[in-house]
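Overview (structure and organization)
Here is what each chain is made of, one letter per residue.
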Amino acid sequence: MAILKLKQISKAYEEVHAVKELSFSVDKGQIFGLLGPNGAGKTTTIRMIMDIIKPDSGTIEIAGKLNSGQQRDKIGYLPEERGLYKKMKVIDTITFFGEIKSKPARQTQAAAVQWLEKLELLEWRDKKVEELSKGMQQKLQFICTIIHNPELIILDEPFSGLDPVNTNLLKDVMLDLKNTGATIIFSTHLMEQVEKLCENICLINKGASILQGSLKEIKKGFGSNRIRMQYEGAAEFLKDQSLVAQYDDYGQYVEIKPADNVSPQQLLKYAIDRVNVLEFKVSEPSLNEIFIKAVKN
Amino acid sequence: MNKTIALIKREYLLQVKSKGFIIGTLLLPLFILFVSFVPAFLANMEVEKKANIAVIDTTGKIYTPLSVALQESRKDKQGNSLYNVEQVTWSGDSLGIKKEELNARVQNGELFAYIEVTDSVFIKNSFAVYSKNITNFDFYSRVERLMSDAVKAIRMNESGLDPELVNKLSQWVKVQTFQVDEKGASEASGMAAYGLSYVMVFILYFALIMYGAYVMQGVIEDKSSRVMEVILSSVKPYQLMAGKIIGIGATGLTQFFIWILSTVLVTTFGLVIAQQFAPGISELAIPSLSIWTYLAFIAYFLLGFFLYATLYAGLGSMVNSSSEAQSVQWPVMMLIVVAFLLMFAIIKTPDSTLAVVLSLIPFFTPLLMFMRIMLNAVPLYQVILSIIITLLTIGASIWVSGKIFRVGILMYGKRPTLPELLKWIKY
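Residues numbered from 1 in each chain as written. Chains lettered and ligands numbered in written order. Predicted model: local features only at pLDDT ≥ 70, side-chain atom pairs only at ≥ 80, totals over all residues. Heavy atoms only, no water.

Observations concerning a positive patch on the surface
Taken together, the side chains of K89 and K128 of chain A together with K17 and K19 of chain B define a basic patch exposed on the protein surface. Looking at where K89 of chain A falls in the secondary structure, it is placed in the loop between strand 6 (75-78) and helix 2 (90-99). Taking the relative accessible area as the measure of exposure, K89 of chain A reaches 35% and is therefore partly exposed. (Patch = residues over 30% accessible without salt bridge, like charges linked within 9 Å, V, L, I, M, F, W, Y side chains within 5 Å. Areas by Shrake-Rupley, 256 points an atom, 1.4 Å probe, with all protein chains shown as cover. Salt bridge = Lys/Arg side-chain N within 4 Å of Asp/Glu carboxyl O. Lys, Arg positive; Asp, Glu negative; His and termini not counted. Charge placed at Lys NZ, Arg CZ, Asp CG, Glu CD. Helix = DSSP H or I, 4+ residues; strand = E, 2+ residues; numbered from the N terminus. Buried < 20%, exposed > 50% of the residue type's maximum accessible area, 1.4 Å probe, protein only.)

Considering the interface of chain B and chain A
On the side of chain A, 26 residues touch chain B, which itself brings 21 residues to the contact. Carbon and sulfur atoms make up 55% of the area that chain B and chain A hide from each other, which totals about 2,200 Å². Summed over the three residues of chain B that lose the most area to chain A, namely R10, E229 and S233 of chain B, the buried surface amounts to 25% of that side. Across the chain B-chain A interface, the total number found is 4 salt bridges. A salt bridge links D73 of chain A to K3 of chain B; the nearest nitrogen and oxygen atoms lie 2.7 Å apart. (Contact = heavy atoms within 4.5 Å. Buried area = accessible area lost by both parts, 1.4 Å probe.)

Concerning the pattern of salt bridges
Residue and element names in this part refer to chain B. With the rule as written, the count across this model stands at 21 salt bridges over all chains. Residues E116 and K99 are paired through a salt bridge, measuring 3.1 Å at the closest nitrogen-oxygen approach. With E116 in strand 3 (residues 113-117) and K99 in helix 4 (residues 95-107), this pair connects stretches of sequence that are 17 residues apart. The exposure class assigned to E116 is buried, which follows from its relative accessible area of 12%. Shared partners join several salt bridges into a network, and the residues in it are R10, E11, D222 and K244.

Some points on the nonpolar core
Of all hydrophobic cores here, the largest spans 155 residues; its most connected members are L4 of chain A together with I231 of chain B. No other element matches the 15 residues that helix 11 (residues 291-318) of chain B contributes to this core. Setting aside its immediate chain neighbours within four residues, L4 of chain A contacts F24, S25, V26, I49, I60, E61, I62, L152 and I185 of chain A. A51, V85, F122 and F139 of chain B belong to the second-largest nonpolar core, a separate cluster that totals 21 residues. (Core = buried A, V, L, I, M, F, W, Y, C linked by side-chain atoms within 4.5 Å.)

This is the structure in structure tokens:
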């Protein structure tokens, strides 16, 4: 079941067409990657989902209902531009963000303490936000985002500014949330993280979707496989255009893109007869590559 | 609704807990206590001090009437004179030596002062006082007055006039002021009314500027700390604006309630308490005000605050930093300042046509109508009219500022031009 459905939404500002007839839907209980280069229209899209700005045309459905003030209480949003009230106490900050999502402070108090403990911030609960380091503020803002138990969580670059330890901690929390039934939309530039966490993605560029679907399908459909080979001997056959479309020699190994009608098996057979093969590995194209290729086209 | 309350609560608690608020709120009651008690205590303490005064009288006519008058002029509660007057006697040419002695006694504090009066008092109208302290105006004006009386009496006697009769005939007349209102005439001091209305309007003026600026500052801070985006993903812009304005308005009200309460406490119980410590005190410097004055103050503060605060909120949403705000806030500042300056123009004629018209202009109403009410020159219909006009203007101001606010708070970078602003309002 889709928790979020965007149908043909468009938004134009004076000079720019920020979003053009964008459609995608996010199924419940998964981590969904919303990707795109800078200025692609990700933030505008998220702002429309959050009802901060209205689309010029198109509809947005949340949990099967058209977007409205009530619906967005079901969403937790961590914007890329972080911001908290500097003079407020940590614990008050969390309950305040719960309150503006229609959860009374007394209902969120206990959960707030649990989250502070989980994210190693408990000793700071009565400190002012301005006393926290940047990374700690980041984690605090994450707690504020999810304190009201949202069904849908939108995280815009959640890992920026976090050290590897905290990145890992947050990643585990995201997976925990997913396992308890929440849906997460994950917007980022970090393709590695997307490859690890997301099942489905939507890649947008210049306000329009250029690639969407399951990550596996996309990778499969995205051109030929790559072969990494390590060998001893003279590999004259690499220059044979009927076998190898393209190759890059890195010294220690070569990366080979076989010709269209040549399978990796055929290539391996051919190679074994001519050189001493030490390593032969078929790998999928990385999302990074796909991203760059898709955006360049 | 609950969301707006959460926003109001956050804003209010933040303001009320701030050091600036606590200091500012306590300062005024302390000041009231100071001006009401300290002068009374000081006056009370001074009464106890005795002073020795010597008089050199070469005319032979002045000493007796002057010493009597001096001793009569200041007494303690038991009726004993606080001036000890002695006559200086000398023989032949020893006056110079005598004066050296007197100087020495003034030096060591035994004498407060000595007076030298010669025939020149009748010719040149002057006499001399020698003392360590030449800035005690109270003492000098007293001596001057008593000496003049003595000299006048002698002159009259010598001209064959009866000093008592002359005094009676040349008596000054005094004005008594009555204020006329719906309840008839009642005795009231014009000066006190002037002074008080100045003070109250001053407080109102500063409160409007200060709390208006707080609203603008708050909006700019939210914008520059980028907290705006998260907040707006949960609440509507108008809820955010209302939360900010009502929260800060409530802070202002809190401050005034503390001030009014302390003023009322001082004027009601202050005298009794003060008398425990200083029985000589018979009145305090702060006159008490009627409940209507306080109500009018609160009402016109609220009207003025909501009017200016909505404008300030709109302004704050347009800019990115406080320094940028300086350059856009002057039109609003000007309105308040002009209202304040107009007050001086109409305080002497609070019921003139000019005063009536000016005080009905909504941006001037809070200060001017309140001042006119303080001076008690306003028919009820004008009060009601002023409230209705201001409320309508507040409505318009909320509408315009709300539109600007909605777009402005998410705009970063370039400040909007006037045509852009108009587009925001239409949008």
